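Examination of the molecular architecture
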Amino acid sequence: MTCCEGWTSCNGFSLLVLILLGVVINAIPLGVSFVDTDQLFQNPISCFEWWFPGIIGAGLMVMPATTMSLAARKRACCNNKTGMFLSSLLNVVTIAGAVYCILVSIQALSEGPLFCNSPGNSTFSCQFSLKNLSNIHPELFKLQWFFNDSCVPSTGLSNSIADDTVASGWNKHGLYNNSKENTYKTIHLSVFTSLLLVGILELLFAFSQIVIGFLGCLCGVSQRRSRIV
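Residues numbered from 1 in each chain as written. Predicted model: local features only at pLDDT ≥ 70, side-chain atom pairs only at ≥ 80, totals over all residues. Heavy atoms only, no water.

1. Some remarks on the overall build of the protein chain
Counting secondary structure elements, the protein chain contains seven helices and zero strands. Listing the helices and strands of the protein chain from first to last along the sequence gives α-α-α-α-α-α-α. In the protein chain, buried positions account for 45% of the 229 residues. Summing over all exposed atoms, the protein chain offers an accessible surface of approximately 11900 Å²; the carbon and sulfur share of this is 67%. (Helix = DSSP H or I, 4+ residues; strand = E, 2+ residues; numbered from the N terminus. Buried < 20%, exposed > 50% of the residue type's maximum accessible area, 1.4 Å probe, protein only. Areas by Shrake-Rupley, 256 points an atom, 1.4 Å probe, with all protein chains shown as cover.)

Dropping the structure here:
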């Protein structure tokens, strides 16, 4: 196995691990909201997990390049210049998926959980538009929704999150560790920070595979040695 094939195989395993991480991390807020309410579309932590950045962006869109890269280990379709070229070409889709995952994660981190922005705490309050991904301002990255004592709007205390936190003894001067708001804010921050890192790593692996794939096309790959009996 040449150095190009070895790096391609390493990229394949790395992308496979990142795919699994992206899917699992994206499923965490969906599972938490379902366990808390027994309803999948009511009381979500945020709208952004329903954009499926980890399942679609960091998952399905990365699968073609990962499959092609893993084939290098078996010295099959990547054991020729056409295979190496395809492994590079398919990583363009990986880059698109990773960028999508990164953009959604950045937007999620800038806006915070749904109950910080909307009085109606359900997926019906979510606006799914690609234009929202371009509405990012540097001042939004101060994470005030996380560091403030409470991000729940004073006029929106009718939603279920606010009711739960008030009923559990909400204190304006601090967060109780057992409060639902504090838990949701922590999950939101952890999930989308992790998805941001997954997207960045996939982007780096994709760019490296494009370079290695084209080097494999130019320099050639190993040839199968015939067995001498």
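2. So, the nonpolar core
In this structure, Phe48, Leu109, Trp145, Val191, Phe192 and Leu195 are the most contacted members of the largest nonpolar core, which totals 29 residues. Within the residue set of this core, elements represented by two or more residues are α1 (3-37), α4 (81-111) and α7 (180-219). Among all residues touching Phe192, those that are not within four sequence positions of it are Ser46, Phe48, Glu49, Pro53, Ser105, Ala108 and Leu109. (Core = buried A, V, L, I, M, F, W, Y, C linked by side-chain atoms within 4.5 Å. Contact = heavy atoms within 4.5 Å.)

3. Focus: unusual backbone geometry
You will see that Phe52, though not glycine, has its phi angle at about 50°, which is positive. Along the chain, Phe52 falls in the loop between α1 and α2 (53-57). According to the relative accessible area criterion, Phe52 is partly exposed, its value standing at 24%.

4. Things to note about α4
The terminal C-alpha atoms of α4 lie 46 Å apart, and with 31 residues this matches the ideal 45 Å at 1.5 Å per residue to within 8%. After α4 finishes, the residue Gly112 shows a positive phi value of roughly 85°. (Expected span 1.5 Å × (residues − 1).)

5. Points about helix α3 (residues 63-70)
Turning to α3, its buried residues number three or more, namely Ala65, Thr66, Met68 and Ser69. The buried side chains of α3 occupy one side of the element, clustering within an arc of 165° when seen end-on. (Arc of directions from axis to C-beta.)

6. Description of a nonpolar patch on the surface
On the surface, a cluster of nonpolar side chains totalling about 420 Å² of accessible area is made up of Phe85, Leu86, Leu89, Val92 and Phe214. No other element matches the four residues that α4 contributes to the nonpolar patch. Checked against the element boundaries, Leu86 lands in helix α4. (Patch = residues over 30% accessible without salt bridge, like charges linked within 9 Å, V, L, I, M, F, W, Y side chains within 5 Å. Salt bridge = Lys/Arg side-chain N within 4 Å of Asp/Glu carboxyl O.)

7. Looking at the packing of aromatic side chains
Considering all chains together, one arrives at two aromatic pairs under this definition. When the ring of Phe48 is compared with that of Phe192, the centres are 6.4 Å apart and the planes differ by 85°; the resulting orientation is edge-to-face. Pair noted here: Phe48 is in the loop between α1 and α2 and Phe192 is in helix α7, with a separation of 144 residues, a long-range link. Across the pair, Phe192 and Phe48 agree in class, each one buried. (Phe/Tyr/Trp six-rings, centres within 6.5 Å; stacked < 30°, edge-to-face > 60°.)

8. Things to note about the environment of Leu89
Assignment of secondary structure puts Leu89 in helix α4. For the pair Leu89 and Gln209, spaced 120 residues apart in sequence, the C-alpha to C-alpha distance is 9.3 Å.

9. Things to note about the side chain of Thr66
Its location among the elements puts Thr66 in helix α3. Look past the residues within four positions of Thr66 in its chain and what remains in contact with it is Gly12, Leu15, Leu16 and Ile19.

10. Observations concerning the packing of α3 against α4
Look at α3 against α4: their axes get within 7 Å of each other, and the N-to-C directions meet at 155°. If you check the angle between α3 and α4, you find them roughly antiparallel. α3 and α4 meet at a crossing whose hand is left-handed. Of the residues in α4, those in contact with Pro64, Ala65 and Met68 of α3 are Gly83, Leu86, Ser87, Leu90, Asn91 and Thr94. Of the residues assigned to the contact of α3 with α4, the class counts are five nonpolar, four polar and no charged. (Axes fitted to C-alpha atoms, helices over the stretch in contact; angles between N-to-C directions. Parallel < 35°, antiparallel > 145°, perpendicular 65-115°, else oblique. Left-handed = near helix turned anticlockwise from the far one by under 90°. Nonpolar A, V, L, I, M, F, W, Y, C, P; charged D, E, K, R; others polar.)

11. Overview of the side chain of Glu202
Structurally, Glu202 is set in helix α7. Those residues in contact with Glu202, other than ones at most four positions away along the chain, are Leu15, Leu18, Ile19, Gly57, Ala58, Val62, Thr94 and Ala98.

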